[in-house]
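Topology and contacts: notes
Each chain, written out:
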Amino acid sequence: MKSKSSAIAPAVHPLSAADASRICHARAHTPGAGGAIGATVTEADPPGHAHGSRANRGLLFGFVGVLAFSFTLPFTRVAVSTLDPLFVGAGRAVVAGLLAIVVLAIIRPPRPRGTQWVRLLVVAAGVVAGFPLLTSFAMQTAPAAHGAVVIGVLPAATAVVAVVRGGERPSRRFWVASIAGLLAVIAFVAVSGGGLDALGGMAGLQPSDVLLLGAVVLAAIGYAEGGLLSRELGSWQTICWALVVALPVMAVVAGVGASRAPIEAGVGGWIAFGYASVVSMFLGFFAWYRGLAIGPIANVSQMQLLQPVLTIVWAALLFGERLDALVLVAAVVVVACAAFAVRARVRRPLAPAPASA
């Protein structure tokens, strides 16, 4: 026979992990609820299926972005062979900025507020101005394969910025996989780029190496900050606002580049410039920032280990470069390292669900 107290007691249901996560988040961001506003709370693991589905979506969007970016260096090299590199680097941002104005005018999303404008300047300095300009000048003298060696550092650099700026905490397994992937990328490009010639410039630092390393640092900052900002503004909104913020300066720089040499290029040169403007500088970021916003940023950034692989495959298909069995084996190793890294555990501070793309 049940006691009277037990008969009238309300039913108590166990608290799910998702509910616990929401409660912790609310307490950490509500005054007087047991936590200070803005307090950092370690993210609780959501149910396995939901967590895995969300992570897979982040990786899928990240891969689409990397696929778009993988054509950038070859097409940039084609463009600067006939056009001034200053015009190519800044002009692609001007074209993308005009497209961004059209999109923002049609859809009319909420405008950024307060410090979001400052953070957009950081994104613009990294991915709208810094990376395109520096790689355009570097591609005048550096082979695409050599550039891929240096750009191969970008996933690890982005992960480091995600640790410093975003408070993410990758596991030891993640760092082991990332370093192994970096070494595999270097070996891959050395094999596919004609042996050790692709690495020759690394023994004595060349001006193009300094430009590429600078591009890596700026891009890593722009990627990480853009990924964080995309959780507040949305992915396409972030790149569109960053392009608009940078447009006045980039228009002036493009004008200077146009005045230095005649703007004349064949069909191939204009196609390459068009791709760098519309896809590399604009549409590719829709997917890339969406993937980083879903995150964790450190995990999704490792998808870029695939970029040198894809770049050299496109070079073979488009420009007739030879692919042999060693290249294919190296590609498998790179893909395996990337897969290991993106599945490694990364702890990150609890944040609201990313804004809709």
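The text that follows walks through the structure, step by step, so that each part is easy to find.

A word on a nonpolar patch on the surface. A contiguous nonpolar surface patch, about 320 Å² in accessible area, is contributed by L60, F63, V64 and L67. Examined against the element boundaries, V64 turns out to sit in helix α3 (residues 48-69). The class for V64 is partly exposed, based on a relative accessible area of 40%.

With that settled, consider the packing of aromatic side chains. The final tally for this structure, using the stated rule, is 15 aromatic pairs. Centre to centre, the rings of F69 and W288 are 6.1 Å apart; their planes meet at 75 degrees, and the pair counts as edge-to-face. Pair noted here: F69 is in helix α3 and W288 is in helix α13 (residues 267-294), with a separation of 219 residues, a long-range link. Pairwise contacts between aromatic rings join F69, Y223, F285, W288 and Y289 into one cluster. Of note, R290 hangs over the ring of F61, and the distance from its end group to the ring centre comes to 6.0 Å.

With that settled, the discussion passes to the nonpolar core. Core analysis: the largest hydrophobic core is formed by 79 residues, its most contacted members being V128, Y223, M250, F285 and W288. Other than its neighbours up to four places away in sequence, M250 contacts G89, A90, A93, V94, V128, A129 and L133.

The bulk of non-glycine residues show a negative phi, and the bulk of peptide bonds are trans. One non-glycine residue with positive phi stands out, namely R108, at about 55 degrees. The exposed category is assigned to R108, whose relative accessible area is 68%.

Attention shifts here to the environment of W270. As for its position among the elements, W270 is in helix α13. Classification of W270 by relative accessible area gives partly exposed; the value is 34%. When near neighbours in sequence (up to four residues on either side) are disregarded, W270 contacts L83, F87, I263 and A265.

At a minimum axis separation of 8 Å, helix α4 (residues 72-80) and α13 run at an interaxial angle of 140 degrees. Classified by the interaxial angle, the pair formed by α4 and α13 is oblique. As for how α4 packs across α13, the hand of that crossing is left-handed. Here T72, F75, V78 and A79 of α4 lie close against α13, whose contacting residues are G268, G269, A272, F273, Y275 and S280. Counted by class, the contact of α4 with α13 contains 6 nonpolar, 4 polar and no charged residues.

Our next topic: the side chain of Q304. Among the secondary structure elements, Q304 is positioned in the loop between α14 (297-301) and α15 (306-319). The class for Q304 is buried, based on a relative accessible area of 4%. Every residue in contact with Q304, bar those within four places of it in the chain, is listed here: V66, F69, L154, P155, T158, Y223 and W288.

Here we come to the pattern of salt bridges. It is possible for side chains bearing opposite charge to pair when their charged atoms get close. What the rule picks out here adds up to 4 salt bridges. With its nearest N and O atoms 2.9 Å apart, the salt bridge here joins R119 to E232. Here the residue R119 occupies a position in helix α6 (residues 115-138), and E232 occupies one in helix α11 (residues 207-233), the gap between them amounting to 113 residues. A residue is classified by how much of its surface remains accessible, and R119, at 15% relative accessible area, is buried. Through salt bridges with shared partners, a single network forms among R119, R165, E225 and E232.

What follows is about helix α5 (residues 85-107). Taking 1.5 Å per residue, 23 residues should reach 33 Å; α5 reaches 33 Å between its end C-alpha atoms and fits that length. The largest bend along α5 measures about 25 degrees and falls at G91. Where α5 starts, the residue carrying a side-chain oxygen 2.9 Å from the main-chain nitrogen of L86 turns out to be D84. Positive backbone phi, approximately 55 degrees, marks R108, located one or two places after α5.

This model, assessed by the stated rule, comprises 2 cavities of 30 Å³ or more. Considered as a void within the structure, the largest cavity measures approximately 120 Å³ in volume. Lining the largest cavity are 15 residues; nearest its centre among them are F69, T72, F131, Y223 and F285. For the lining of the largest cavity, the secondary-structure elements that each account for two or more residues are α6, α11 and α13. Taken together, the residues of the lining of the largest cavity break down into 10 nonpolar, 4 polar and 1 charged.

Parameters at a glance
- Residues numbered from 1 in each chain as written.
- Predicted model: local features only at pLDDT ≥ 70, side-chain atom pairs only at ≥ 80, totals over all residues.
- Heavy atoms only, no water.
- Patch = residues over 30% accessible without salt bridge, like charges linked within 9 Å, V, L, I, M, F, W, Y side chains within 5 Å.
- Areas by Shrake-Rupley, 256 points an atom, 1.4 Å probe, with all protein chains shown as cover.
- Salt bridge = Lys/Arg side-chain N within 4 Å of Asp/Glu carboxyl O.
- Helix = DSSP H or I, 4+ residues; strand = E, 2+ residues; numbered from the N terminus.
- Buried < 20%, exposed > 50% of the residue type's maximum accessible area, 1.4 Å probe, protein only.
- Phe/Tyr/Trp six-rings, centres within 6.5 Å; stacked < 30°, edge-to-face > 60°.
- Lys NZ or Arg CZ within 6 Å of the ring centre and 35° of its normal.
- Core = buried A, V, L, I, M, F, W, Y, C linked by side-chain atoms within 4.5 Å.
- Contact = heavy atoms within 4.5 Å.
- Axes fitted to C-alpha atoms, helices over the stretch in contact; angles between N-to-C directions.
- Parallel < 35°, antiparallel > 145°, perpendicular 65-115°, else oblique.
- Left-handed = near helix turned anticlockwise from the far one by under 90°.
- Nonpolar A, V, L, I, M, F, W, Y, C, P; charged D, E, K, R; others polar.
- Expected span 1.5 Å × (residues − 1).
- Bend = angle between axes of the 7 residues up to and from the residue.
- Polar contact = N/O pair within 3.5 Å; in protein donor to acceptor, adjacent residues only side chain to side chain.
- 1 Å grid on protein atoms, 1.4 Å probe; cavity = no way out; pocket = protein on both sides within 12 Å on 5 of 7 lines; lining within 4 Å.
- Points joined across faces, edges and corners; volume = space filled by probe spheres on them.

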